[in-house]
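Spelled out, the chains give:
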There are 2 protein chains.
Amino acid sequence: MRRSSAETKAVILAAARERFAADGYDKATIRAIAADARIDPAMVMRYFGTKEKLFAAAAEFDLELPALAPDQAGAGLVRHFLRKWEADEGLQVLLRTGVTNEAAAERMRTIFAGQVMPLVIDLTGDPERAPVRASLIASQVLGLALSRYILKFPPMVAATEEELIAWLSPTVQRYLTE
Amino acid sequence: MRRSSAETKAVILAAARERFAADGYDKATIRAIAADARIDPAMVMRYFGTKEKLFAAAAEFDLELPALAPDQAGAGLVRHFLRKWEADEGLQVLLRTGVTNEAAAERMRTIFAGQVMPLVIDLTGDPERAPVRASLIASQVLGLALSRYILKFPPMVAATEEELIAWLSPTVQRYLTE
DNA sequence: ATTGTAGGCCAACACCTGTTGACTTCCTAC
DNA sequence: GTAGGAAGTCAACAGGTGTTGGCCTACAAT
């Protein structure tokens, strides 16, 4: 079959996202990604040059945090994060690989420093303690993703979105305001 | 050099723990572990049979949760977990590998189901909601480990044990009692 | 109809992995 | 002092990895 350059590149990228999200950096082999994309492994190299560069492209990600009313920020953040996780594979990619791959960990750090921290400053007007607050929020929210989507603790998997929001939003709210 | 069988086995196991904790399952190669133990890779196979069995031995782990007064359980749990993490590589091994290795994830699940949940039942006397409570606690506590020790968010790394306990214990306490 | 080019495929490379079996060396029990 | 066995070494295997270069093949412009 014959495709345009842009098309194949997109197909490869989509396959790479899935594989990296499901298997992590090492287990997601170029050959497996190529097979998913129904393409020769050499094409992956032609379009992305290197496995690391392909990963960098697949890990491109924006939290897209919305503006929030300060008194509902806790619930808003938890809800947004849950939906983002399920809609965008980028976060899964970063969490699965960030644990054993320093480059992905660094990316995670810059995302939280560049996107979560500013929001916290904006919400609290307290730049001095914003870093701690933001990391505490990150710790709870990433712990949620870890236990629900990665380690799959049964009670976390069984819980509904609303139940999780009810449990977690007071925590996040307290990390913001206390 | 000539050692007893038990000695070498212990040396190998110690090296394996370190490597698995630092690198995760795939990157921790038998050759690297053997080099750390100043031993031929074949010895590792002789003593443990298989990489998977070696991993199983290295991931042997007990949370050793202490008895706690119900009203101070939050602080007690956070403190115990922080110290356990730094004293025993077993937890690091499990978290680093559990993210990409199903066997390690299963081990993590049974540890939390078999050790955290009973404690929660004991503390609350409420068997029905104990699973949710226990997983919520696990989510916060694992999120702490993830952001402080694995992803190394700077504010979490900089925080002292007491600061972290002060921030997290109300969260854990609420997951226990609310 | 011919040619240039871009998309795609194949086979191979050098390297690394877990794992195996044969070989050597040392200590101990008789 | 010699036999047996345990501790340790070495070289190789089969399979998988990222990556490369040469080769086709379809299409568009001339």
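What you are looking at is a predicted structure, and each value in this text was computed from that prediction instead of being measured. (Residues numbered from 1 in each chain as written. Chains lettered and ligands numbered in written order. Predicted model: local features only at pLDDT ≥ 70, side-chain atom pairs only at ≥ 80, totals over all residues. Heavy atoms only, no water.)

Draft legend 1. A look at the overall build of chain A. Counting its regular elements, chain A contains 10 helices and 0 strands. Each helix and strand of chain A, placed in order from N terminus to C terminus, yields the pattern α-α-α-α-α-α-α-α-α-α. Looking at chain A as a whole, 50% of its 178 residues qualify as buried. Partitioning the intrachain contacts of chain A with sequence separation of at least 6 by distance along the chain shows that 65% fall at a separation of at least 24. Put simply, chain A shows about 8100 Å² of open surface, and 53% of that area lies on carbon and sulfur atoms. (Helix = DSSP H or I, 4+ residues; strand = E, 2+ residues; numbered from the N terminus. Buried < 20%, exposed > 50% of the residue type's maximum accessible area, 1.4 Å probe, protein only. Contact = heavy atoms within 4.5 Å. Areas by Shrake-Rupley, 256 points an atom, 1.4 Å probe, with all protein chains shown as cover.)

Draft legend 2. Local environment of the domain arrangement of chain A. Residue and element names in this part refer to chain A. The domains assigned to chain A are domain 1 (5–58) and domain 2 (70–177). Taking the mean C-alpha position of each, domain 1 and domain 2 sit 27 Å from one another. If you look at the interface, domain 1 gives 10 residues, while domain 2 gives 8 residues. Summed over both partners, the interface of domain 1 with domain 2 buries about 850 Å², with 59% contributed by carbon and sulfur atoms. For domain 1, the biggest contributors to the area lost against domain 2 are Arg 17, Ala 21 and Phe 55; these three give 51% of the whole. At the boundary of domain 1 with domain 2, the tally comes to 0 salt bridges. For the interface between domain 1 and domain 2, the tally reads 3 residue pairs in polar contact (both at pLDDT 80 or more). (Domains from an automatic or database assignment. Buried area = accessible area lost by both parts, 1.4 Å probe. Salt bridge = Lys/Arg side-chain N within 4 Å of Asp/Glu carboxyl O. Polar contact = N/O pair within 3.5 Å; in protein donor to acceptor, adjacent residues only side chain to side chain.)

Draft legend 3. Main features of the pattern of salt bridges. Applying the stated criterion to the full structure yields 24 salt bridges over all chains. Note that Glu 60 of chain B and Arg 107 of chain B form a salt bridge whose closest N and O atoms lie 3.8 Å from each other. Placement of Glu 60 of chain B in the loop between helix 4 (51–58) and helix 5 (73–87) and of Arg 107 of chain B in helix 7 (residues 102–124) is noted, with a sequence separation of 47 residues between them. We classify Glu 60 of chain B as exposed; its relative accessible area is 51%. In this structure, the salt-bridge partner of Asp 126 of chain B is Arg 133 of chain B, at a minimum N-O distance of 3.7 Å. Each of Arg 19, Asp 23 and Asp 36 of chain A takes part in a single network of salt bridges with overlapping partners.

Draft legend 4. Here's a closer look at the relation of the copies chain B and chain A. Expressed as a screw transformation, the operator carrying chain B onto chain A has a rotation angle of 180 degrees and an axial translation of 0.0 Å, and the superposed copies differ by an RMSD of 0.0 Å. The symmetry that links the two subunits is that of a two-fold axis. Every residue of chain B has its C-alpha some distance from the rotation axis, and the shortest such distance is that of Gly 143 of chain B, at 1.8 Å. Take the interface residues of chain B: 100% of them recur as interface residues in chain A, which is what a same-surface contact looks like. (Least-squares fit on C-alpha atoms with pLDDT ≥ 70 in both.)

Draft legend 5. Summary view of the UniProt feature "domain: HTH tetR-type" (unreviewed entry) in chain A. Feature annotation in UniProt places "domain: HTH tetR-type" (unreviewed entry) on residues 6–66 of chain A, given in this structure's numbering. Segment residues 6–66 of chain A splits into 74% helix and 0% strand. End C-alpha atoms: 31 Å apart. (UniProt positions renumbered as here; feature names shortened; annotations may be inferred.)

Draft legend 6. Highlighting the protein's contact with DNA strand C. Taken together, 20 residues are adjacent to DNA strand C, and Ser 5 and Arg 46 of chain A together with Thr 29, Arg 31 and Lys 51 of chain B come closest. Considering DNA strand C, the proportion of its atoms within 4 Å of the protein that are sugar or phosphate atoms stands at 54%. Between Ile 30 of chain B and DNA strand C, the recorded distance is 3.1 Å, taken from a backbone N or O atom to a phosphate oxygen. Secondary structure elements with two or more residues in the surface near DNA strand C: helix 1 (5–27) and helix 3 (41–48) of chain A together with helix 2 (30–36) and helix 3 (41–48) of chain B. Looking at the surface near DNA strand C element by element, the count peaks at 4 residues for helix 3 of chain A. The class makeup of the residues in the surface near DNA strand C is 8 nonpolar, 4 polar and 8 charged. (Near = heavy atom within 4 Å. Nonpolar A, V, L, I, M, F, W, Y, C, P; charged D, E, K, R; others polar.)

Draft legend 7. Fine view of the protein's contact with DNA strand D. If you check the shell around DNA strand D, you find 19 residues, and the closest are Thr 29, Arg 31 and Lys 51 of chain A together with Arg 2 and Arg 46 of chain B. Near the protein, meaning within 4 Å, the atoms of DNA strand D are sugar or phosphate in a fraction of 52%, with bases accounting for the rest. At 3.0 Å from a phosphate oxygen of DNA strand D is found a main-chain nitrogen or oxygen belonging to Arg 3 of chain B. In this structure, a phosphate oxygen belonging to DNA strand D sits 3.4 Å away from a side-chain N or O atom of Thr 8 of chain B. Mapped by element, the contributors of at least two residues to the surface near DNA strand D are helix 2 (30–36) and helix 3 of chain A together with helix 1 (5–27) and helix 3 of chain B. Ranked by residues supplied to the surface near DNA strand D, first place goes to helix 3 of chain B with 4 residues.

Draft legend 8. Fine view of the interface of chain B and chain A. Between chain B and chain A, the residue contacts involve 42 residues of the former and 42 residues of the latter. Summing both sides of the interface, chain B and chain A together bury roughly 3600 Å²; the carbon and sulfur share of this comes to 69%. On the chain B side of the contact with chain A, Val 99, Leu 151 and Trp 167 of chain B bury the most area, a combined 20% of that side's loss. Viewed at the interface, chain A and chain B are joined by 0 salt bridges. On inspection of chain B and its partner chain A, the count reaches 16 residue pairs in polar contact (both at pLDDT 80 or more). When residues of the side of chain B that touches chain A are traced back to their parent elements, those giving at least two are helix 1, helix 6 (89–98), helix 7, helix 8 (130–150), helix 9 (154–158) and helix 10 (161–177) of chain B.

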